[in-house]
Amino acid sequence: MSVRTRFAPSPTGYLHIGGVRTALYSWLHARQHQGRFVLRIEDTDVERSTHEATAAILEGMAWLGLDWDEGPFYQMQRMERYRAVLAEMVAAGSAYHCYCSREEVEAMRELQRANGEKPRYDGRCRTRREPRADVAPVIRFRSPDTGETVVEDIIHGTVRFRNSELDDLIIARSDGTPTYNFCVVVDDWDMQITHVIRGDDHLNNTPRQIQILQALGATPPIYAHVPMILGPDKQKLSKRHGAVSVLQYREMGYLPEALLNFLVRLGWAHGDQEVFTREEMIALFHIEEVNKAASAFNPEKLLWLNAQHLQRLPAADLAQRLAPYLVAQGLDAPACAQGPHLAAVADLLRERAKTLVEMAEAAVFFYRAPQQWEAKDAEKHLRHQGALLSELHGALAAAEPWGASAIHAVIQDLAARYEGKMGKVAQPLRVAVAGKAVSPPIDLTLALLGREETLSRLERARRWAESRG
RNA sequence: GCUCCCAUCGUCUAGUGGUCCAGGACACCGGCCUCUCACGUCGGUAACAGGGGUUCGAACCCCCUUGGGAGCGCCA
């Protein structure tokens with residue numbers, strides 16, 4: 001049988017980092033087995049589900065390149081099917097109507113808790129014959145009282161649950177809508193999911209789902225419960241840890257492949273390899289090698305990985321990814337088209353930027369002359385340098401042909417006359433042109449900027465220096 | 001409280017009974033490179049939670065303790 005996996009988020013919020021990792025593992029598993037990856041939206045919680053959340057999930061998946069082969073399926077559109085299965089189960093006696101009020105059940109649980117027991121429904125409606133006229137019943141699954149249910153988990157191994165621990169759970173609300181544990185089972189069954197890969201917070205639900213599957217006469221899928229991702233402080237990952245939504249990472253200038261690479265390594269390793277391409281992940285990842293322990297999210301390592309992937313991107317590709325971030329810096333397309341070739345700029349900037357946002361910030365001066373110089377840098381490198389700037393202007397105006405080596409020669413010649421240090425010349429030049437004391441190598445920078453723009457910026461700096469004495 | 005899961009450097013991990021006085025990566029600290037900032041490179045600090053077993057031998061197997069997490073919803 002060919003592999004079929006699924007990702008089944010509920011649209012009650014953004015697509016978060018933890019969800020992405022289980023999606024990634026499921027996707028990877030399907031891809032490496034030439035299987036199918038199914039996307040299913042679990043929207044049966046009408047109260048909390050929103051269209052915005054659904055849209056954010058789809059957008060996040062698309063950005064990450066986690067493409068699905070089937071779906072998205074929406075559970076709300078499968079109500080008829082659920083009702084039919086529910087009716088069959090009631091008819092077969094594997095489920096029954098329960099007329100207990102919420103208050104009654106709550107009182108029951110309260111008492112059990114007081115006695116130090118695990119709160120559970122006692123099954124008092126199992127044998128009820130007559131419906132209560134004034135209450136809309138829920139439907140409960142009739143769970144076996146004896147024996148045990150065994151989960152064979154790819155990651156955790158064999159996990160045993162005594163059936164006496166599991167009570168008769170509600171599978172349909174009093175308004176007739178089915179609940180989570182029931183929907184997943186029917187869906188995974190109908191969609192012929194072979195491998196259920198999900199967070200290990202679901203491990204405790206699994207025996208119940210297996211029991212329902214058995215009552216339905218279906219064969220349970222293979223389960224893999226992956227550990228959770230914690231915040232850097234080892235606490236449950238939440239908003240106070242900063243970004244948890246994938247789309248925020250896009251905003252912050254991360255590459256999807258870097259985020260995926262980071263996530264795949266959280267709980268899994270392939271020897272000493274740290275950097276993986278999408279193809280390598282598909283080829284090398286194995287769900288059975290995933291760790292059992294939860295792992296902490298490490299933002300510094302993600303940043304480093306992002307830099308690694310920035311390093312490896314072809315220049316043209318890099319430029320294309322960078323463009324939207326330039327717009328965010330206030331540069332429009334025409335402005336960029338007039339300046340130096342973006343691929344060349346990006347290529348120059350890549351090894352000193354860890355995110356696309358940083359790279360965009362560093363790229364701005366190539367397309368827009370600095371409005372003012374960084375005060376400290378101007379004070380240190382421009383002031384009293386009128387003569388030097390003037391000489392530089394003259395020499396660069398004469399440099400032939402305009403290019404890094406000619407520019408380099410100009411700087412060297414001048415440096416020989418200014419204490420012999422390159423820095424004595426390069427720094428004033430850098431501040432004049434870039435507006436600050438940090439930029440890529442100055443010869444390469446000027447070569448890209450162009451002679452005309454360079455001279456005009458130099459001239460402005462010279463006037464400033466002379467006006468300041 | 002009950003049930004289930006988990007436990008190697010600060011963090012991500014390698015390690016599946018001897019080749020481990022525990023390897024790699026991020027971060028951190030130092031050197032080198034250098035026109036700035038970075039990149040790169042060389043080196044350093046740093047861990048098998050504790051206690052019992054099993055074994056000639058345990059990071060690796062078993063048990064207990066401790067610590068962490070999850071579940072116990074007409075949420076998913």
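Conventions adopted
Residues numbered from 1 in each chain as written. Chains lettered and ligands numbered in written order. Predicted model: local features only at pLDDT ≥ 70, side-chain atom pairs only at ≥ 80, totals over all residues. Heavy atoms only, no water. Helix = DSSP H or I, 4+ residues; strand = E, 2+ residues; numbered from the N terminus. Rg over C-alpha atoms; globule rule 2.2 N^0.38 Å. Buried < 20%, exposed > 50% of the residue type's maximum accessible area, 1.4 Å probe, protein only. Contact = heavy atoms within 4.5 Å. Areas by Shrake-Rupley, 256 points an atom, 1.4 Å probe, with all protein chains shown as cover. Lys, Arg positive; Asp, Glu negative; His and termini not counted. Charge placed at Lys NZ, Arg CZ, Asp CG, Glu CD. Axes fitted to C-alpha atoms, helices over the stretch in contact; angles between N-to-C directions. Parallel < 35°, antiparallel > 145°, perpendicular 65-115°, else oblique. Left-handed = near helix turned anticlockwise from the far one by under 90°. Nonpolar A, V, L, I, M, F, W, Y, C, P; charged D, E, K, R; others polar. Near = heavy atom within 4 Å. Polar contact = N/O pair within 3.5 Å; in protein donor to acceptor, adjacent residues only side chain to side chain. Pairing = 2+ DSSP bridges. Salt bridge = Lys/Arg side-chain N within 4 Å of Asp/Glu carboxyl O. Core = buried A, V, L, I, M, F, W, Y, C linked by side-chain atoms within 4.5 Å. Phe/Tyr/Trp six-rings, centres within 6.5 Å; stacked < 30°, edge-to-face > 60°. Lys NZ or Arg CZ within 6 Å of the ring centre and 35° of its normal. Right-handed = clockwise from strand over helix to strand, strands pointing away.

Student: Explain the overall build of chain A to me, and be specific about the residues and the numbers.
Tutor: Check the secondary structure of chain A and you find 20 helices and twelve strands. For chain A, the C-alpha radius of gyration of 32 Å lies well beyond 23 Å, the compact-globule estimate for 469 residues. On the principal axes, the C-alpha backbone points of chain A span a range of 105 × 45 × 40 Å. Every one of the 469 residues in chain A was classed for burial, and the buried ones make up 50%. At a minimum sequence separation of 6, the contacts of chain A that also span at least 24 residues come to 77%. For chain A, the exposed surface amounts to about 22,200 Å²; the carbon and sulfur share of it is 51%. Averaging the locations of the 56 positively and 60 negatively charged side chains of chain A gives two centres separated by 3 Å.

Student: Report on the packing of helix H5 (residues 180-190) against helix H6 (residues 206-216), specifying residues and quantitative values.
Tutor: Contact geometry for H5 and H6: axes closest at 10 Å, N-to-C directions at 55°. Here H6 runs oblique to H5, going by the angle between their axes. As H5 runs across H6, the sense of the crossing is right-handed. On H6, the residues touching Tyr180, Asn181, Val184, Val185 and Trp189 of H5 are Gln209, Ile212, Leu213 and Leu216. Looking at the contact of H5 with H6, its residues break down into seven nonpolar, two polar and no charged.

Student: Any details on the protein's contact with RNA strand B? Residues and values, ideally.
Tutor: Surrounding RNA strand B, one finds 62 residues, the nearest of these being Asp45, Gly116, Arg173, Gly267 and Ser439. In RNA strand B, atoms within 4 Å of the protein come from the sugar-phosphate backbone in 69% of cases. A distance of 3.3 Å separates a sugar or linking oxygen of RNA strand B from a polar atom in the side chain of Ser10. If you list the elements that add at least two residues to the surface near RNA strand B, you get helix H4 (102-114), strand E7 (157-162), H5, strand E12 (295-296), helix H10 (299-312), helix H18 (422-434) and helix H19 (442-449). In terms of residue count, H18 provides more of the surface near RNA strand B than any other element does, five residues in total.

Student: Can you explain the side chain of Arg78? Please cite residues and give values.
Tutor: Position of Arg78 among the secondary structure elements: in the loop between strand E3 (70-74) and helix H3 (79-92). Excluding residues that lie within four positions of it along the chain, Arg78 makes contacts with Val186, Asp187, Asp190 and Met191.

Student: Describe the sheet that holds strand E8 (residues 170-172), naming the residues involved and giving the relevant values.
Tutor: Strand-to-strand pairing in sheets goes through backbone hydrogen bonds, with the strands running parallel or antiparallel. Here three strands make up an open sheet; going across it, the order is E4-E5-E8 and the pairing antiparallel. Each end of this open sheet is capped by a strand with a single partner; those strands are strand E4 (95-98) and E8. Within this sheet the neighbouring strands show an average axis-to-axis angle of 45°, counted without direction. Inspection of the sheet shows E4 paired to strand E5 (residues 138-141) by four bridges, in the antiparallel sense. Note that in E5 the partner of Cys98 across the bridge is Val138.

Student: So what's going on with the pattern of salt bridges? Which residues, and what values?
Tutor: Applying the stated criterion across every chain yields a total of 37 salt bridges. Salt-bridge contacts for Arg126 lead to Asp145; the nearest nitrogen and oxygen are separated by 3.1 Å. Here the residue Arg126 occupies a position in the loop between H4 and E5, and Asp145 occupies one in the loop between E5 and strand E6 (148-153), the gap between them amounting to 19 residues. What you see here is one network of salt bridges that share partners, running through Arg6, Arg40, Glu42, Arg78, Arg81, Asp187, Asp188 and Asp190.

Student: So what about the nonpolar core? Which residues, and what values?
Tutor: Grouped together as the largest cluster of nonpolar side chains are 55 residues, with contacts concentrated most on Leu322, Leu326, Met359, Leu382, Leu392, Leu396 and Leu429. Among the elements of the structure, helix H11 (315-328), helix H13 (342-349), helix H14 (356-367), helix H16 (386-398), helix H17 (404-417), H18, H19 and helix H20 (451-467) are those that each provide at least two residues to this core. Examining the composition of this core, we find that eight residues originate from one element, H14, more than from any other. Aside from chain neighbours lying at most four places away, what touches Leu429 is Leu392, Leu396, Ile411, Ile442, Leu446 and Leu458. Core analysis: the second largest hydrophobic core is formed by 46 residues, Val226, Leu247, Phe276 and Met281 among them.

Student: Tell me what's going on with the packing of aromatic side chains, and back it up with residues and numbers.
Tutor: In this structure the tally under the stated criterion is nine aromatic pairs. An angle of 65° between the planes, with centres 5.5 Å apart, marks the rings of Tyr249 and Tyr254 as edge-to-face. On the basis of relative accessible area, Tyr249 is assigned to the buried category, the value being 5%. Consider the rings of Tyr249 and Phe297, whose centres lie 6.2 Å apart with planes at 55°: the pair is tilted. Of the two residues, Tyr249 is situated in helix H7 (residues 246-251) and Phe297 in the loop between E12 and H10; the sequence distance between them amounts to 48 residues. Given a relative accessible area of 6%, Phe297 falls into the buried group. Following the ring pairs from residue to residue traces out a cluster consisting of Tyr25, Trp268, Phe276 and Phe285. One cation-aromatic arrangement involves Arg140 over Tyr121; the distance from NZ or CZ to the ring centre is 3.5 Å. It is Arg460 that lies over the ring of Trp373; its NZ or CZ is 4.7 Å from the centre.

Student: Any chance you could break down the pairing of strand E10 (residues 222-226) for me, citing the residues and the numbers?
Tutor: Of all five residues making up E10, four are buried, and the element is well covered by its neighbours. Pairing analysis gives five bridges linking strand E9 (residues 195-199) to E10, with the strands arranged parallel. Its bridge partner being in E10, Ile197 is matched across the sheet by Ala224. Between E9 and its parallel partner E10, the chain crosses via H6, and the hand of that crossover is right-handed.

Student: Break down the side chain of Thr355 for me, citing the residues and quoting the values.
Tutor: Its place among the elements puts Thr355 in the loop between H13 and H14. You can call Thr355 buried: its relative accessible area is 6%. A polar contact of 3.0 Å, which involves the side chain of Thr355, links it to the backbone nitrogen of Glu358. Excluding its chain neighbours within four sequence positions, the residues that come into contact with Thr355 are Met252, Gly253, Tyr254, Leu303, Asn306 and Leu310.

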